[in-house]
Amino acid sequence: MPTPIVIAIDGPAASGKSSVARALARRLRYRYVNTGAMYRAVTWLVVSRGITPADTTAVRAMLDSTVFECGFNATGESTVLLDGLDPSPHLNDASVTASVSTIASIPEVRRRLVAKQRECVKDSDVVMEGRDIGSAVFPETPYKFYIDATLEVRAARRQRQGVADRIEARDKQDSSRPMSPLIIAEDAHVVDSSHLTIDGVVGEIIGRLKLKNLALPEGI
Ligand code: DC
């Protein structure tokens, strides 16, 4: 099999990257990997076990004793199981959102999840979204995008979703951690989604992929 293609989509909280990445993967018939969901899954387990998120020793001990499995569902979207349990109903709980940046700043958590993310692409082309996909997980991919939007637009999106999320604080924590912080990779194409629809952003990305001569499914 030829080397799988990785399209990296990074960006801050509520930039629209999940909707864009999912829609892009559907159009290209690639698999979709949501790496934020992996950090959220670990955070959910930490919170539900009553572990203090800043207690790195306890978090590492928990990881050592947990079987973390990644897979794909029938529609090609990434799934996570922790000791056989599906955490997906809890991934957007306020308690998870409030602690996920702390958990994601623990180097051992990152090392383990990045290894899983690299495993995901063994046998399929993927659109993978997160914070460090283009800069650290797959720095060699030529297909890197950074989706941005103004803080006002992003805050309004969360408000419409009825989700409590201190996005500014989360962005600050995600951008200032020592290990693979949220940055714009040097060779990433930046898309400002503030005034674009999801289809508009997907269209811009597809235009860019064509310029880079990526072979796309017929009709695109
Ligand atoms: O995309 P999201 O909001 O669901 O991500 C939740 C958190 O996970 C985010 O605040 C930082 C962390 N994260 C990360 O550090 N690296 C990634 N590749 C994806 C997410």
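See above for the structure.
Residues numbered from 1 in each chain as written. Predicted model: local features only at pLDDT ≥ 70, side-chain atom pairs only at ≥ 80, totals over all residues. Heavy atoms only, no water.

## Description of the pairing of strand β5 (residues 126-130)
Phase 1 of the analysis: Counting buried positions over the 5 residues of β5 gives 5, a clear majority of the element.
Phase 2 of the analysis: With burial as the criterion, each face of β5 is covered, one bearing V126, M128 and G130 and the other bearing V127 and E129.
Phase 3 of the analysis: Note: strand β1 (residues 6-10) against β5, 5 bridges, orientation parallel. Paired with V6 across the bridge in β5 is V126.
Phase 4 of the analysis: One ladder, built from 4 bridges, connects strand β2 (residues 31-34) with β5; its direction is parallel. (Buried < 20%, exposed > 50% of the residue type's maximum accessible area, 1.4 Å probe, protein only. Helix = DSSP H or I, 4+ residues; strand = E, 2+ residues; numbered from the N terminus. Pairing = 2+ DSSP bridges.)

## Examining the pairing of strand β3 (residues 68-72)
As a general feature of sheets, a regular strand has side chains that alternate between the two faces.
Phase 1 of the analysis: Strand direction decides the pairing type here: β3 and strand β4 (residues 78-82), joined by 5 bridges, are antiparallel. Bridge pairing in β4 places F72 opposite S78.
Phase 2 of the analysis: As consecutive antiparallel partners, β3 and β4 are separated by 5 residues, and within that stretch G76 has a phi angle of approximately 85°, a positive value.

## As for the side chain of Q117
Phase 1 of the analysis: Along the polypeptide, Q117 turns up in helix α5 (residues 107-119).
Phase 2 of the analysis: Residue Q117 is classed as buried on the basis of its relative accessible area of 0%.
Phase 3 of the analysis: Not counting the four nearest positions on each side in its chain, Q117 is found in contact with T35, M38, Y39, M128, I133, V137 and F138. (Contact = heavy atoms within 4.5 Å.)

## Comments concerning the pattern of salt bridges
Phase 1 of the analysis: For the coordinates displayed, the defined rule picks out 14 salt bridges.
Phase 2 of the analysis: The closest approach of N and O atoms between R22 and E77, which form a salt bridge, is 3.0 Å. Taken together, the positions of R22 in helix α1 (residues 17-28) and E77 in the loop between β3 and β4 put the pair 55 residues apart, joining distant regions of the chain.
Phase 3 of the analysis: E77 sits in the buried class, given a relative accessible area of 15%.
Phase 4 of the analysis: Where salt bridges share partners, they join D64, E108, R111 and R112 into one cluster. (Salt bridge = Lys/Arg side-chain N within 4 Å of Asp/Glu carboxyl O.)

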